[in-house]
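Each chain is listed here by its residues.
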Amino acid sequence: MIEKILLAVSGLGHAEEMLKNLKEIPSIAQAKVTVLHVVPSQATSAGMTTKLEEGNKIIANAVEYLGLDPSRTITMLRQGEPKDVVCQVADEIDADLIIMGSRGLKRLQAILSNSVSQYVFQLSSRPMLLVKDDIYVKKINRIMVAYDGSDAAKQCLQLALFLLRDIKGSQLVLAYVNKNLSGKQEEVTLAAAEKDPVLAGAIAEAKKQGVQTRCVTSMGKPGEEICRLAEDMSVDLLMLGSPDRRPSVAKSFVDIDRLIGSSLSDYVRVNATCPVLLARTVG
């Protein structure tokens, strides 16, 4: 499911560290990686030359740090508006996953500060792994999937199982949050969860692929509860199905109403204390 990865770099950071950990997972160890750095337009040719030289060093440092196989690695230094170029290159290489660093800015802040990761998240229909600057990146062993039985959640589950199935001792955590605003967290036994209409199919699929599963349910505001559960259970990666919310006529510009309005995926990407992978689906 993940054969082509686009890593957008701006200097050694958590995104590179995250990819290094991902490449240790057998299922994607042989994935092709494109390392991209984008240089914005500069006022003078001398300024552009300097920035291009710096960009080449950033790419070289990332490749050296990651220890990537040269035969399965492409490096790209592009000029232009970073947020546009990342989307363009993702389409060019038909990326299965985009990995980017993120400052974790809230929506309005992201708009005002011209956030690259927020823009790409809004306009790309491809899965995105966002790694905030202020989190601790760990080896992938325990993945939480926010599961509600939707098509987006099902796609998210398949991606999680793809990652976990070849990791010895790995664990899938299925988290189901009821939107009822009163209630408590409860760890559910597999026997009970297998009878739950929302979780039963997901558990059966995990069993079929030999992945150990743990289930937890909670009630309240989904965004807050998902982030809390992920932190309480010390997961290494949080995965959330995030439908492509853009109308077809709005593919070429940011959907401002969506950026300012409420969004579960935006809340989670800002507030989660671990890396967040948003599995995109059209819907």
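Residues numbered from 1 in each chain as written. Predicted model: local features only at pLDDT ≥ 70, side-chain atom pairs only at ≥ 80, totals over all residues. Heavy atoms only, no water.

A. Representation of unusual backbone geometry in the model. One non-glycine residue with positive phi stands out, namely aspartate 94, at about 55 degrees. In this structure, aspartate 94 sits in the loop between helix H3 (82-93) and strand E4 (97-102). Taking relative accessible area as the criterion, aspartate 94 reaches 42% and is therefore assigned partly exposed. If you check the backbone angles, serine 234 has positive phi at about 50 degrees while not being a glycine. Assignment of secondary structure puts serine 234 in the loop between helix H9 (222-232) and strand E10 (237-244). (Helix = DSSP H or I, 4+ residues; strand = E, 2+ residues; numbered from the N terminus. Buried < 20%, exposed > 50% of the residue type's maximum accessible area, 1.4 Å probe, protein only.)

B. Spatial organisation of the packing of aromatic side chains. Here the structure, examined in full by the defined rule, presents zero aromatic pairs. Note that lysine 20 overlies the ring of tyrosine 65, its terminal NZ or CZ placed 4.3 Å from the centroid. Directly above the aromatic system of tyrosine 119 lies the positively charged group of lysine 83, at a separation of 5.3 Å from the ring centroid. (Phe/Tyr/Trp six-rings, centres within 6.5 Å; stacked < 30°, edge-to-face > 60°. Lys NZ or Arg CZ within 6 Å of the ring centre and 35° of its normal.)

C. Representation of the nonpolar core. The biggest cluster of nonpolar side chains holds 53 residues, and the ones touching the most others in it are Leu172, Leu174 and Met239. The leading source of residues in this core is helix H6 (residues 151-164), at nine residues. Counting 39 residues, the second largest nonpolar core, distinct from the first, contains Leu6, Leu123, Met128 and Val276. (Core = buried A, V, L, I, M, F, W, Y, C linked by side-chain atoms within 4.5 Å.)

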